[in-house]
Amino acid sequence: MTEVQKMDADWLVFHPAPKVPDFKLPKGAVDAHCHVFGPAAEFPFAPERKYTPCDAGKAELYALRDHLGFERNVIVQATCHGKDNRAMVDACRSAGDLARGIASVGADITEAEIREMHEAGVRGVRFNFVKRLVDDTPKDVFLSIANKIKDFGWHIVVYFEAQDLEEIEPFLKQLPTTVVVDHMGRPDVSKGVDHPDFQRFIRLMEENDNIWSKVTCPDRLSQQGPPYDDVVAYCAEIVARFPDRVLWGTDWPHPNMKSHIPDDGVLVDFITRIAPTKEQQQQLLVDNPMRLYWA
Ligand SMILES: O=C(O)c1cc(C(=O)O)oc(=O)c1
């Protein structure tokens with residue numbers, strides 16, 4: 001890991017020397033949620049961003065991939081780059097067939113632009129509802145984007161917080177593609193898995209078999225910190241109930257983490273606690289991401 005200079009970033013820089021995981025990932029494992037930031041000199045951050053990250057480019061991302069034992073990456077456009085997808089597209093292109101991307105686009109996206117991103121490895125768009133990250137986008141704008149991208153077989157990644165779910169649920173049910181929820185919709189883990197809020201999320205997945213969830217970011221959700229015991233039950237519940245509709249990722253370089261900087265090797269070891277059987281691990285880490293991104 002190269003030592004990355006902390007450039008006026010308003011939060012912690014990613015871990016410089018993550019451990020080698022104890023958990024040996026299955027062959028072909030996919031880090032299905034990660035980002036690239038710049039480097040800013042080549043790919044400037046968006047003026048409308050709500051945070052300024054450190055540089056965390058494709059070279060570091062792919063070194064981490066190899067260090068942890070992953071084979072492939074799905075690179076999700078980070079809000080600090082707004083709708084300028086160049087850093088993510090460049091990283092996808094550099095990895096050949098070993099990376100796929102999720103873009104952030106506007107309603108004015110053209111078929112030619114979608115096709116060009118598809119050829120680089122992009123397979124979906126991200127709709128972000130987290131107010132500390134983005135300004136609101138009218139739902140009819142998101143729906144017009146959804147109708148444009150569905151013809152390319154793309155899907156939609158959504159990022160919202162648990163308190164938003166009741167309000168946006170009708171909108172989610174209108175989406176005409178596979179929908180992948182980032183970080184389980186950010187449950188408040190102090191409430192318990194039986195709380196109506198988490199049960200509402202479970203019901204959403206039960207009632208809509210096109211809705212998947214990433215069982216990711218225990219570091220964001222935990223109120224106890226590493227090794228994130230208070231998040232295990234939430235991820236394990238979703239893996240056990242919907243083993244063919246879950247994805248996992250590091251969330252490297254961990255934007256906006258202030259409480260601590262997660263050790264990516266510790267995050268990988270967390271997987272065996274939420275997906276305890278070999279079969280669950282194979283589905284979570286290989287079969288599901290391959291079906292969604294490389295089919
Ligand atoms: O919780 C966050 O701050 C966060 C931010 C971003 C992003 O800026 O794209 O992505 C994530 O997956 C999580």
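Bear in mind the structure is a predicted one, so any value in this text is a computation, not a measurement.

If you trace the eight strands from one edge of the open sheet to the other, you get S1-S2-S3-S4-S5-S6-S7-S8, paired in parallel fashion. For this open sheet the edge positions go to strand S1 (30-34) and strand S8 (246-247), each flanked by a neighbour on one side alone. Relative to strand S5 (residues 155-159), strand S4 (residues 122-128) runs parallel, the two being bridged by five bridges. From the neighbouring strand, Val 125 faces S5, where its bridge partner is Ile 156.

Time to look at the environment of Asn 128. Position of Asn 128 relative to the elements: it lies in strand S4. Among the residues examined, Asn 128 registers a relative accessible area of 9% and is labelled buried. On a C-alpha basis, the gap between Asn 128 and Cys 92 in space is 21 Å, while along the polypeptide they are 36 residues apart. Aside from chain neighbours lying at most four places away, what touches Asn 128 is Thr 79, Leu 133, Val 134, Phe 142 and Tyr 159.

This part covers the pattern of salt bridges. Inspection of the entire model under this criterion finds 24 salt bridges. For Arg 93, the salt bridge identified is with Glu 116, shortest N-O distance 4.0 Å. In this pair, Arg 93 sits in helix H2 (residues 86-94) while Glu 116 sits in helix H3 (residues 111-120), placing the two residues 23 residues apart along the sequence. Looking at Arg 93, the relative accessible area reads 48%, which means it is partly exposed.

Mapped onto this numbering, the UniProt entry gives "domain: Amidohydrolase-related" (unreviewed entry) at residues 30-293. The annotated region residues 30-293 carries 41% helix and 14% strand content, and the separation between its end C-alpha atoms amounts to 10 Å.

Bringing the site of the ligand into the picture now. Residues in close proximity to the ligand total 16 residues, the closest being Tyr 51, Thr 79, Arg 126, Arg 132 and Tyr 159. At 2.8 Å from an oxygen atom of the ligand is found a side-chain nitrogen or oxygen belonging to Arg 132. In the environment of the ligand, an oxygen atom lies 3.1 Å from a nitrogen or oxygen atom belonging to the side chain of Arg 220. Its free accessible area being 330 Å², the ligand has 100% of it covered by the protein chains. Here the residues of the shell around the ligand sort into five nonpolar, six polar and five charged.

What follows deals with the packing of helix H4 (residues 139-149) against helix H5 (residues 165-174). Orientation of H4 relative to H5, taken along the N-to-C sense of each, is 20°, at an axis distance of 11 Å. With respect to their mutual orientation, H4 and H5 come out roughly parallel. H4 and H5 meet at a crossing whose hand is right-handed. In this structure, H4 uses Lys 139, Phe 142 and Leu 143 to contact H5, whose residues at the interface are Glu 167, Ile 168, Phe 171 and Gln 174. For the contact of H4 with H5, the class distribution of residues is four nonpolar, one polar and two charged.

Every buried residue of helix H8 (residues 229-241) is listed here: Asp 230, Val 231, Val 232, Tyr 234, Cys 235, Ile 238 and Val 239. Where H8 is buried, its residues meet helix H6 (196-207), strand S7 (211-214), helix H7 (218-221), S8, helix H9 (264-274) and helix H10 (278-293).

Summed over all chains, the structure comprises 13 aromatic pairs. Centre to centre, the rings of Phe 127 and Phe 142 are 4.0 Å apart; their planes meet at 20°, and the pair counts as stacked. A residue pair is termed long-range when its members are at least 10 positions apart, and Phe 127 in strand S4 and Phe 142 in helix H4 qualify at 15 residues. Of the two residues, Phe 127 and Phe 142, both sit in the buried class. Taking 6.4 Å as the distance between ring centres and 40° as the angle between the ring planes, the aromatic pair formed by Phe 127 and Phe 171 counts as tilted. Taken as a pair, Phe 127 in strand S4 and Phe 171 in helix H5 lie far apart in primary sequence, 44 residues in all. Judged by its relative accessible area of 1%, Phe 127 falls in the buried class. The structure contains a cluster of three or more aromatic residues connected by ring pairs, namely Phe 127, Phe 129, Phe 142 and Phe 171. In this arrangement the basic side chain of Arg 72 is found over the ring face of Trp 294, its NZ or CZ atom lying 4.9 Å from the centre.

Cut-off values and rules
- Residues numbered from 1 in each chain as written.
- Predicted model: local features only at pLDDT ≥ 70, side-chain atom pairs only at ≥ 80, totals over all residues.
- Heavy atoms only, no water.
- Pairing = 2+ DSSP bridges.
- Helix = DSSP H or I, 4+ residues; strand = E, 2+ residues; numbered from the N terminus.
- Buried < 20%, exposed > 50% of the residue type's maximum accessible area, 1.4 Å probe, protein only.
- Contact = heavy atoms within 4.5 Å.
- Salt bridge = Lys/Arg side-chain N within 4 Å of Asp/Glu carboxyl O.
- UniProt positions renumbered as here; feature names shortened; annotations may be inferred.
- Near = heavy atom within 4 Å.
- Polar contact = N/O pair within 3.5 Å; in protein donor to acceptor, adjacent residues only side chain to side chain.
- Areas by Shrake-Rupley, 256 points an atom, 1.4 Å probe, with all protein chains shown as cover.
- Nonpolar A, V, L, I, M, F, W, Y, C, P; charged D, E, K, R; others polar.
- Axes fitted to C-alpha atoms, helices over the stretch in contact; angles between N-to-C directions.
- Parallel < 35°, antiparallel > 145°, perpendicular 65-115°, else oblique.
- Left-handed = near helix turned anticlockwise from the far one by under 90°.
- Phe/Tyr/Trp six-rings, centres within 6.5 Å; stacked < 30°, edge-to-face > 60°.
- Lys NZ or Arg CZ within 6 Å of the ring centre and 35° of its normal.

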